[in-house]
Amino acid sequence: MAKAWTGSRIDLHLDLTAAGPAKRRAALEAALREAIRDGSLRPGVPLPSSRGLAEQLGLSRGTVTSAYGQLVDEGFLTSRPGSGTAVADVRDPKPPAASPHRFAAVRPEHDLRPGSPDLAAFPLRGWTAATRRVLAAARPELFGAGDPQGRFELRAALADYLGRTRGVQTSADRVVITSGYHHSVQLVARVLRSQGAKTVAWEDPGHAVFRGLVADAGLSLRVRPLPVDEGGAVVEALTDESAVFLTPAHQYPTGVPLDPARRRAVVEWARARGALVIEDDYDGEFRYDRRPVGAMQPVATCEVVYCGSVSKTLGPGLCLGWLALPSRLVEAFVRAKLETEPFGESVGQAVLADFVSSHAYDRHVRAARLRYGRRRERLLAVLEEFPGLTAHGVPAGLHVLVTLPAGGPGESEIRAAGEARGVAVRGLAELYQDPDEARQGLLIGYAGPAERAYPAALEALAGTLRAVGLQTAPNRPWSESSSRTTTRPPARSRTARGSCRSR
């Protein structure tokens, strides 16, 4: 029978079922060896006294003492006067088998892909102070399952912050906390399908990963591509869709804001159709030449589902996002969240609430805006060394879209050359839903590298572009270039597949 011993040091579980009285010592030795080999007993763990273990297992003390002595001689245990008996550091000479699943990707030396802020600039001191305040005042309920809508203090803090900084009109009872934009898209897709939606529109090019999440979620939603030009999404092409996913403040990946007339048109379309506009405000705080463009939600609070997260401001690892919803949809979203994530993380929500309420979040975003604005200028200076390259978009966000000269190297060739030099950028073509419409280009992020590593990343990027044969401007080294111009995104067909309906 397997027996456990509870003493002043550890709980010890040993199986001596098959051992008769004459073989108890050998069985005890074998059980201890096996526990040490398989890691059940780790190096340094103190074992029970021989008297205590003998009493629990129904053995004589001499049997336990002899077993301990044998294992000390074999090197499985250590024994020192006054310190008792402990497990020795015994390593299995056979290397562990390689796992068939390896999810952790190797991070390149110079990661200039869009999607991440400067994690080295995370406001650790302020976040630590907020954590201490939260834990010092914590009630037991903080560690329970919590409200599926999200902690009230965070919802209230975000409603205030979004109103101040993005013009969003909402309140704590209309905010739902999620574990990031990925989760938010899942909830949107689930709610749309539950309400009978069959087709949604998505900017093309656009967030391919999240677009695929809707298409592959098993919810039978068809995703229709919505063309993008120099004015953002061509909303005139919307027809009978139940919803449209937009990045109006700073279109991803072209970097242009949605034209004001199109903002009005898409709101009129949504009201006439009873459709929804899913507003992804993923980097709306970061505008460098003027005040950021406000959110769409304030002019259509009944038609817009506003999505945000801390992924681009603090870091994706916090897994915190939010939805500001029309009142009529709150119950449906909370129900969908219960189905997908019945237990939400509470401590991080409480810490973020404190961090936002104390205005530490505002200060961090302002500092990041200054830092990223300078980085964008330096990146443009590098690109100006290569006259064939064209940078697109307004001074905003965390990346620049660059299109390539006709007849020159393609994005695959440039990315391969960069990989050989430890430089990673993203290609434009992969972001199109229709491969026949895909354009060649590069998305270069300037937020990810640490501040001290950014100059080396730019030099490596310039070296990559030279290596693939891109022509450089004569007598104009990139470090001294000062022009700061950007252009409109690449033109594409504006053939409408339908007309915008009026009320």
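Going by the structure above, here's the rest.
I will try to describe carefully the structure that is included in this document.

Rules of the game
Residues numbered from 1 in each chain as written. Predicted model: local features only at pLDDT ≥ 70, side-chain atom pairs only at ≥ 80, totals over all residues. Heavy atoms only, no water. Helix = DSSP H or I, 4+ residues; strand = E, 2+ residues; numbered from the N terminus. Buried < 20%, exposed > 50% of the residue type's maximum accessible area, 1.4 Å probe, protein only. Contact = heavy atoms within 4.5 Å. Areas by Shrake-Rupley, 256 points an atom, 1.4 Å probe, with all protein chains shown as cover. Core = buried A, V, L, I, M, F, W, Y, C linked by side-chain atoms within 4.5 Å. Pairing = 2+ DSSP bridges. Phe/Tyr/Trp six-rings, centres within 6.5 Å; stacked < 30°, edge-to-face > 60°. Lys NZ or Arg CZ within 6 Å of the ring centre and 35° of its normal. Salt bridge = Lys/Arg side-chain N within 4 Å of Asp/Glu carboxyl O. Axes fitted to C-alpha atoms, helices over the stretch in contact; angles between N-to-C directions. Left-handed = near helix turned anticlockwise from the far one by under 90°. Nonpolar A, V, L, I, M, F, W, Y, C, P; charged D, E, K, R; others polar. Expected span 1.5 Å × (residues − 1). Parallel < 35°, antiparallel > 145°, perpendicular 65-115°, else oblique. Lys, Arg positive; Asp, Glu negative; His and termini not counted. Polar contact = N/O pair within 3.5 Å; in protein donor to acceptor, adjacent residues only side chain to side chain.

**Looking at the overall build of the protein chain**
A count of helices and strands for the protein chain gives 13 helices and 18 strands. The buried share of the protein chain, reckoned over its 503 residues, is 51%. Taking the intrachain contacts of the protein chain between residues at least 6 apart in sequence as the baseline, contacts between residues at least 24 apart amount to 74%. Accessible area for the protein chain stands at about 23,700 Å²; split by element, carbon and sulfur atoms hold 51% of it.

**Some points on the nonpolar core**
Counting 60 residues, the largest nonpolar core has W322, L352, Y361, L379, L383 and I444 as its most contacted members. Sorting elements by how many residues they give to this core places helix α11 (residues 360-383) first, with nine residues. If near-sequence neighbours (up to four positions away) are discounted, L383 is found in contact with L389, A391, V400, V402, I444 and L465. Judged by nonpolar contacts, the second largest core, of 30 residues, contains Y181, L276, V305 and A336.

**Some remarks on the sheet that holds strand β18 (residues 441-445)**
The antiparallel open sheet is built from four strands, whose spatial order is β14-β15-β18-β17. The outermost strands of the open sheet, each flanked by one partner alone, are β14 (390-392) and β17 (426-427).

**Focus on the packing of aromatic side chains**
Taken as a whole, this structure holds eight aromatic pairs when the rule is applied. The rings of F122, W127, Y161, F355 and Y361 are connected pair by pair, giving a single aromatic cluster. Between the NZ or CZ atom of R371 and the centre of the ring of Y372, over which it lies, the distance is 5.3 Å.

**Structural notes on the pattern of salt bridges**
Scanning all chains against the criterion turns up 26 salt bridges. The salt bridge involving R25 is made with E29; its shortest N-O contact spans 2.8 Å. A residue pair is termed a helical-turn pair when its members lie 3 or 4 positions apart in one helix, as R25 and E29 do in helix α1 (residues 24-37) at four residues. Residue R25 is classed as partly exposed on the basis of its relative accessible area of 37%. Linking R164 and D362 is a salt bridge whose minimum nitrogen-to-oxygen distance equals 2.9 Å. Here R164 is found in helix α5 (residues 152-166), whereas its partner D362 is found in helix α11, with 198 residues between them in sequence. Looking at D362, the relative accessible area reads 10%, which means it is buried. One connected set of salt bridges, linked through shared partners, spans R25, E29, R33 and E74.

**A few points about the packing of helix α6 (residues 181-194) against helix α9 (residues 330-340)**
A pair of packed helices can be characterised by two numbers: the angle between their axes and the separation between those axes. Where α6 meets α9, the closest approach of the two axes is 9 Å, and the angle between their N-to-C directions is 115 degrees. For the pair α6 and α9, the sense of crossing is right-handed. The segment α6 lies against α9, with H183, L187, V188, R190 and V191 engaging A332, F333, A336, K337, E339 and T340. A per-class count over the contact of α6 with α9 returns six nonpolar, two polar and three charged.

**Some points on helix α13 (residues 454-467)**
In a regular helix each residue adds 1.5 Å, so 14 residues correspond to 20 Å; α13 covers 20 Å between its end C-alpha atoms and thus fits that length. Every buried residue belonging to α13 is among Y454, A457, L458, A460, L461, A462, T464 and L465, and all of these are buried. On its buried face, α13 sits against β5 (110-111), α11, α12 (411-420), β16 (423-424) and β18. With its phi angle positive at about 90 degrees, G469 sits one or two positions after the end of α13.

**Comments concerning the sheet that holds strand β10 (residues 243-246)**
Pairing in this open sheet of eight strands is mixed, and the strands run β6-β13-β12-β11-β10-β7-β8-β9 from one edge to the other. Strands with a single pairing partner mark the edges of an open sheet, and in this sheet they are β6 (175-178) and β9 (232-233). Bridge count between strand β7 (residues 199-204) and β10: three bridges; the pairing is parallel. Its bridge partner being in β10, V200 is matched across the sheet by A243. Helix-sheet contacts for α5 involve β6, β12 (304-309) and β13 (321-324), and the interaxial angle to β6 is about 105 degrees.

**Let's talk about the packing of α1 against helix α3 (residues 61-74)**
For the pair α1 and α3, interaxial distance at closest approach is 9 Å and the crossing angle is 45 degrees. Of the possible angle classes, the one that applies to α1 and α3 is oblique. Our pair here, α1 against α3, has a crossing hand that is right-handed. Between α1 and α3, the residues in contact are R24, R25, L28, E29, L32 and R33 and T63, V64, S66, A67, Y68, Q70, L71 and E74, respectively. Here the residues of the contact of α1 with α3 are counted per class, giving six nonpolar, three polar and five charged.

**Some details on the side chain of K337**
Its location among the elements puts K337 in helix α9. For the buried K337, which has no salt bridge, the nearest side chain bearing the opposite charge is E341, at an N-O separation of 4.3 Å. Of note is the side chain of K337, whose polar atom sits 2.5 Å from the backbone oxygen of I177. Excluding residues that lie within four positions of it along the chain, K337 makes contacts with P148, Q149, G150, V176, I177, H183, L187 and P342.

**Some thoughts on the side chain of R371**
Relative to the elements of secondary structure, R371 occurs in helix α11. Buried charge without a partner: R371 forms no salt bridge, and the closest opposite charge is D118, 4.1 Å away. Discounting residues that sit within four places of it in the chain, R371 has contacts with D118, A121 and E451.

**A word on the environment of S220**
Along the chain, S220 falls in the loop between α7 (208-215) and β8 (222-229). The exposure class of S220 is exposed, given its relative accessible area of 58%. Put simply, S220 and T199 are 21 residues apart on the chain and 8.7 Å apart in space, counted from C-alpha to C-alpha. Once you skip the residues sitting within four places of it in the chain, S220 turns out to touch R193 and K198.

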